[in-house]
Amino acid sequence: NFISGDARIMEGVLGDEELSLFRPSAKPAAPLRCIIYCEFDPHLGPRVAFQSPPGYVTADVCDALADHLLSSPDLCGRLISVAAFGLRFVGHPELLLDPRYERNQLIFNTCLVFEAGTEASTYTPLVSSLAANLRHLETEHLFLTSQATRPLTQQVLDGMRHDISVHGELRMPPHGCDFLPQGSQLTSFSAKLKDSLLPAVPETIQQHEVPVLLTPTSTVESLTNSVPTLPRLLPLLDRALTIKDIAQRAQLEVEEVISAVRQLMLHGVIRTIDQIAVNNVYVPAWRITDLLRNTQLMSQFCAYCR
């Protein structure tokens, strides 16, 4: 344990004893917030090269943590956990030795990112599998370093995050990544997450459902990079319009709105409710006046509303 800036960073190689930190518990699984790919650049040093969604981890945090996410070669091939700046990063650094690389080696790490203090043990079986498959793609096809395929790493991260959040598993090829080379050594991508992981997004979103914001508008506005249609949709997310109504007013296809809502749900800033629930009318009973006279009842009522 050590101090870096104003954040306490915990970095450790997980042996038999430390793995108890990641053993399944009865708590609900933490929602996956982001996936980042970092590497050691021979000219720039350690850096975060790709993340899904883009910009979720700020540039300052990326710069501060790059050295810790890309540990020394001695720690490669092991699970690591780094907690700082309100986030937890769980990764599996990989070291490739090959004269094709500058300095004859490539060090990279793909980390799953969660909010600090949340339960992430359900995801740990994926981390090693994810690292092994990216290692195979690089050693066999130079997928991560070739100028022709390297830009596609962003799409691969997006697809993996979609499959984990929506289906509760890591699929091969990931969603929207049919361009990846097929091979028997990549089948471990389909390793199922533990049953305790509940998908953050439903399998289907209906056009009669009503999107409801869960966070302040200012928070949602920052997601424009990952949801390009957001500026047209945000003024219409007023808890009263269905997805179909929003599509008509924003002059978008229904599927475009559903896709945007799904992305926002992956970020945890929105949910949908049935249109019937919006139209319900609740009328208080005559005993509502008891709240004015009974302070204990008032306290219970306020506590329940919070």
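Bear in mind the structure is a predicted one, so any value in this text is a computation, not a measurement.

## As for the packing of aromatic side chains
Next, step 1: Going through the model one piece at a time under the given rule, you end up with two aromatic pairs.
Next, step 2: Centroid distance Tyr 37 to Phe 50: 6.2 Å. Interplanar angle 40°. Geometry classified as tilted. Highlighted residues: Tyr 37 in strand E3 (residues 34-41) and Phe 50 in strand E4 (residues 45-52), separated in sequence by 13 residues.
Next, step 3: Judged by centre distance (5.9 Å) and plane angle (35°), the ring pair of Tyr 37 and Phe 108 falls under tilted. Of this pair, Tyr 37 sits in strand E3 while Phe 108 sits in strand E8 (residues 105-115), and the two are 71 residues apart along the sequence. The burial state of Tyr 37 is the same as that of Phe 108; both residues are buried.

## Quick notes on the pattern of salt bridges
Next, step 1: Applying the stated criterion across every chain, the model contains eight salt bridges.
Next, step 2: Between Arg 33 and Glu 115 there is a salt bridge, with its nearest N and O atoms 3.1 Å apart. Taken as a pair, Arg 33 in the loop between strand E2 (7-13) and E3 and Glu 115 in strand E8 lie far apart in primary sequence, 82 residues in all.
Next, step 3: Take Arg 33: its relative accessible area is 15%, and that puts it in the buried class.
Next, step 4: The exposure class of Glu 115 is partly exposed, given its relative accessible area of 35%.

## Describing the packing of helix H3 (residues 153-167) against helix H7 (residues 254-266)
Next, step 1: Contact pair H3 / H7: the axes reach a minimum separation of 11 Å and the direction vectors enclose 80°. Put simply, H3 runs roughly perpendicular to H7. Counting all contacts with H3, which are made through Arg 161, His 162, Ser 165 and Val 166, the residues of H7 involved are Arg 262, Gln 263 and Leu 266.

## A closer look at the environment of Val 57
Next, step 1: As for its placement among the helices and strands, Val 57 is situated in the loop between E4 and helix H1 (59-69).
Next, step 2: We classify Val 57 as buried; its relative accessible area is 3%.
Next, step 3: In the structure, Val 57 is positioned 23 residues away from Cys 34 in sequence and 8.0 Å away in space, judged by C-alpha atoms.
Next, step 4: Not counting chain neighbours up to four residues away, the residues in contact with Val 57 comprise Cys 34, Ile 36, Gln 51, Cys 62, Leu 87 and Phe 89.

Rules of the game
Residues numbered from 1 in each chain as written. Predicted model: local features only at pLDDT ≥ 70, side-chain atom pairs only at ≥ 80, totals over all residues. Heavy atoms only, no water. Phe/Tyr/Trp six-rings, centres within 6.5 Å; stacked < 30°, edge-to-face > 60°. Helix = DSSP H or I, 4+ residues; strand = E, 2+ residues; numbered from the N terminus. Buried < 20%, exposed > 50% of the residue type's maximum accessible area, 1.4 Å probe, protein only. Salt bridge = Lys/Arg side-chain N within 4 Å of Asp/Glu carboxyl O. Axes fitted to C-alpha atoms, helices over the stretch in contact; angles between N-to-C directions. Parallel < 35°, antiparallel > 145°, perpendicular 65-115°, else oblique. Contact = heavy atoms within 4.5 Å.

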